[in-house]
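Given next are the chains, with one letter for each unit.
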Amino acid sequence: MSTELPATRRTVLRGAALAGAVGAAGVGLSACGGKKNGSADGPTKPVDLGASSAVPVGGAKLFRDDKVLVSQPTQGTFKAFSAVCTHEGCVLDTVDGTTASCPCHGSEFNAETGAVVRGPAPKALPAVDIKAVGGKLTAGPAS
């Protein structure tokens, strides 16, 4: 003989609220963990970044769609790094002078060296090959 009682409205609503909270927490965790946007090493094939004049001398430019951060410390000298944060894999979103920032947890990187300026990122941004030919920049392997 079964002794189960029918679910009350309150029991059903509590279960739905708990399921919603657990689901929302799971979505938040997946958004914060793991590599969000692919490899932290930058482009896997050569990418055309456009005119080299777009990168200011003594400054940097973020090519977010291509996941590349490019600086020009001195006229005609370009350095490139992956724009994927080494902490959780978010793509950097802003550059102020030579400091590039990650929107996820606030890590900051030196755009001329790739070094961590402020954590929680545990290591520097990986260098990316870059060439400036005929006023155009190309980044990535075999560039």
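Nothing here was measured: the structure is a model prediction, and the numbers come from that model.

J.: Please provide a residue-by-residue account of the sheet that holds strand E9 (residues 127-128), values included.
T.: The sheet built from four strands is open, its strands ordered E2-E3-E4-E9 with antiparallel pairing. Either end of the sheet is taken by a strand with one partner, and the two such strands are strand E2 (60-63) and E9. Note: strand E3 (residues 68-74) against strand E4 (residues 77-82), five bridges, orientation antiparallel. Directly across from Val 70, in E4, lies its bridge partner Ala 80.

J.: Lay out the packing of aromatic side chains in plain terms, naming residues and giving numbers.
T.: Per the counting criterion, the structure on display carries zero aromatic pairs. The residue whose ring lies beneath Lys 61 is Phe 63, and the NZ or CZ to ring-centre distance is 5.2 Å.

J.: Outline the state of the cysteines, listing residues and values.
T.: Scanning all chains against the criterion turns up one disulfide. Between the sulfur of Cys 90 and that of Cys 104 lies a disulfide, 1.9 Å long from S to S. Since a negative S-S torsion denotes a left-handed disulfide, the Cys 90-Cys 104 link at about -100 degrees is left-handed. One end of the pair, Cys 90, is in the loop between E4 and strand E5 (94-96); the other, Cys 104, is in the loop between strand E6 (99-101) and strand E7 (108-110), with 14 residues separating them in the sequence. Cysteine Cys 85 is unpaired, with the sulfur of Cys 102 as its nearest cysteine sulfur at 3.9 Å. Note on Cys 102: relative accessible area 7%, which makes it buried.

Calculation rules
Residues numbered from 1 in each chain as written. Predicted model: local features only at pLDDT ≥ 70, side-chain atom pairs only at ≥ 80, totals over all residues. Heavy atoms only, no water. Pairing = 2+ DSSP bridges. Helix = DSSP H or I, 4+ residues; strand = E, 2+ residues; numbered from the N terminus. Phe/Tyr/Trp six-rings, centres within 6.5 Å; stacked < 30°, edge-to-face > 60°. Lys NZ or Arg CZ within 6 Å of the ring centre and 35° of its normal. Disulfide = S-S within 2.5 Å. Buried < 20%, exposed > 50% of the residue type's maximum accessible area, 1.4 Å probe, protein only.

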